[in-house]
Amino acid sequence: MSYRTADSLPPVTLDDVRGAQKMLSGVARVTAMEGSRHLSQLVGAPVHLKCENLQRTGSFKLRGAYVRIAGLLPEERAAGVVAASAGNHAQGVALASSLLGVRSTVFMPKGAPLPKISATQDYGAEVRLHGQVVDETLAAAQEYAAETGAVFIHPFDHPDVTAGQGTVGLEILEQCPEVRTIVVGIGGGGLAAGIAMAVKSLRPDVRIVGVQAAGAAAYPPSLAAGHPVAVDNPATMADGIKVGRPGDVPFRIIGDLVDEVRTVSEDELATALLLCLERAKLVVEPAGASPVAALLSDPGAFEGPVVAVLSGGNVDPVLLERVLRHGMAAQGRYLAVRLRLTDRPGALATLLGVLSVVDANVLDVSHVRTDPRLGLTEAEVELHLETKGPVHCVEVGQALREAGYTVID
């Protein structure tokens, strides 16, 4: 199967997005728009959360996948479709295919989270595990398409997919007509491009801000170069936007219509995810929390009313636990300390007494008594503590030193 280049594909227009909206009626949910008092106070203007994490399959991906597959010719549908994804696109293709009566095969990395594999199978796709990284999985899916004639459904680099994702932008204008700034995460760029096309066509005054994880930020150098540039070894916890190269189709639109692309750190992503859970009572994956991370990192930079697009909520429970701890640590609410004490009966109880006085909650204790680094009468203890913020962390460290303990950095 040959894949046409971006230059040979038709441009995406407002009419395409409106047509996609009609096609998705009764298929995709019109997701909720929730206000955030906490973020509004930080920004100094109303902030609303567009909850695509509550979409069917848990992300916006159903929109583009359904529009793409629904537009296939009868003979193409008969050949089936194939996709490659670590999670969200996989589930979107699986459900869209089932709804349209099309056979689907989805290639996923061998290390994909079990809940995402199971969900993709439950939506009706045949799942094949191949490769350790998405690039290997993608190559396997394209090889399968060439061998079988199945239509390869790209996660972001096709006009139909971009038009489907653009329906999020139409909903934003309907739900929050006074919006001044829309903040949206960017991986390959399909969602941001679709939103920008829909919104700028109707409201050119609205500012569109894209957000990428700093460890997987291909758009800033690509925009500077004027063409897509690949980033080697993208690394971020936000697998939903962990894309090494911008898509050709969305890149053209983002270059023309997106006003700014910002980057956020892993600490900022973790803090944003924690805020969504605690303050908004919304389970959001790291990629979906990226717009909130941008607001937290520089709240004065956004003119309100602001809409932050929470693109997905499919987070692996194991990752969620790690990210929450990371977010708590970034906020000074989780502290890991190592220290040495005299190895004698009651020494550990005395240490815990010091921590009790300063109201630090002990989560885990690791006690090492035999190690070449330790003296004959020494023991080493590693403590994981729940604290109340940066000031409290300093107080805990000071109390330990005043009690005579050697804290190891």
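Scroll up to find the structure this text is about.
Every value quoted in this text rests on a predicted model; they were computed, and no experiment measured them.

### Overview of helix 3 (residues 61-70)
Of all ten residues in helix 3, ten are buried, a share of seventy percent or more. Every buried residue of helix 3 is listed here: Lys 61, Leu 62, Arg 63, Gly 64, Ala 65, Tyr 66, Val 67, Arg 68, Ile 69 and Ala 70. Elements that come into contact with the buried residues of helix 3 comprise helix 1 (14-24), helix 4 (74-79), strand 3 (81-84), helix 5 (88-100), strand 6 (151-152) and helix 8 (159-175).

### A look at the pairing of strand 7 (residues 181-185)
Counting buried residues in strand 7 gives five out of five residues, a clear majority hidden from the surface. Alternating positions in strand 7 separate into two faces, Thr 181, Val 183 and Gly 185 on one and Ile 182 and Val 184 on the other, with burial throughout. The pairing of strand 7 with strand 8 (residues 207-213) spans five bridges and is parallel. Its bridge partner lying in strand 8, Ile 182 is registered against Ile 208. Following the chain from strand 7 across helix 9 (residues 190-202) to the adjacent parallel strand 8, one finds a crossover that is right-handed. Where strand 7 meets strand 10 (residues 306-310), three bridges bridge the pair, whose relative direction is parallel. In the sheet register, Val 183 faces strand 10, and the bridge partner there is Ala 308.

### Quick look at the environment of Ile 241
Relative to the helices and strands, Ile 241 is located in the loop between helix 10 (219-225) and helix 11 (248-257). If we skip the residues at most four places from it in the chain, Ile 241 touches Gly 185, Ile 186, Gly 187, Val 211, Gln 212, Ala 213, Ala 216, Ala 287 and Ser 290.

Rules of the game
- Per chain, the residues get numbers from 1 upward, laid out in the order the sequence is written.
- Since the coordinates come from a predicted model, pLDDT governs what is reported: local features require at least 70, and pairs of side-chain atoms require 80 or more to be given and counted, while whole-chain, interface and lining totals use all residues.
- The basis for every side-chain value is the complete set of heavy atoms in the structure, and neither hydrogens nor water enter the calculation.
- Exposed residues in this analysis have more than 50% of their type's maximum accessible area, buried residues have under 20%, and partly exposed residues fall in between, with area computed by a 1.4 Å probe over protein chains only.
- Only runs of H or I of at least four residues qualify as helices and only runs of E of at least two qualify as strands under DSSP, and these elements are numbered from the N terminus.
- By definition in these notes, contact holds between two residues if any of their heavy atoms fall within 4.5 Å.
- Paired strands, in this sense, are two strands between which DSSP finds at least two bridges.
- Crossover handedness is defined here as right-handed if the route from the first strand over the helix to the second strand goes clockwise, with the strands pointing away from the viewer.

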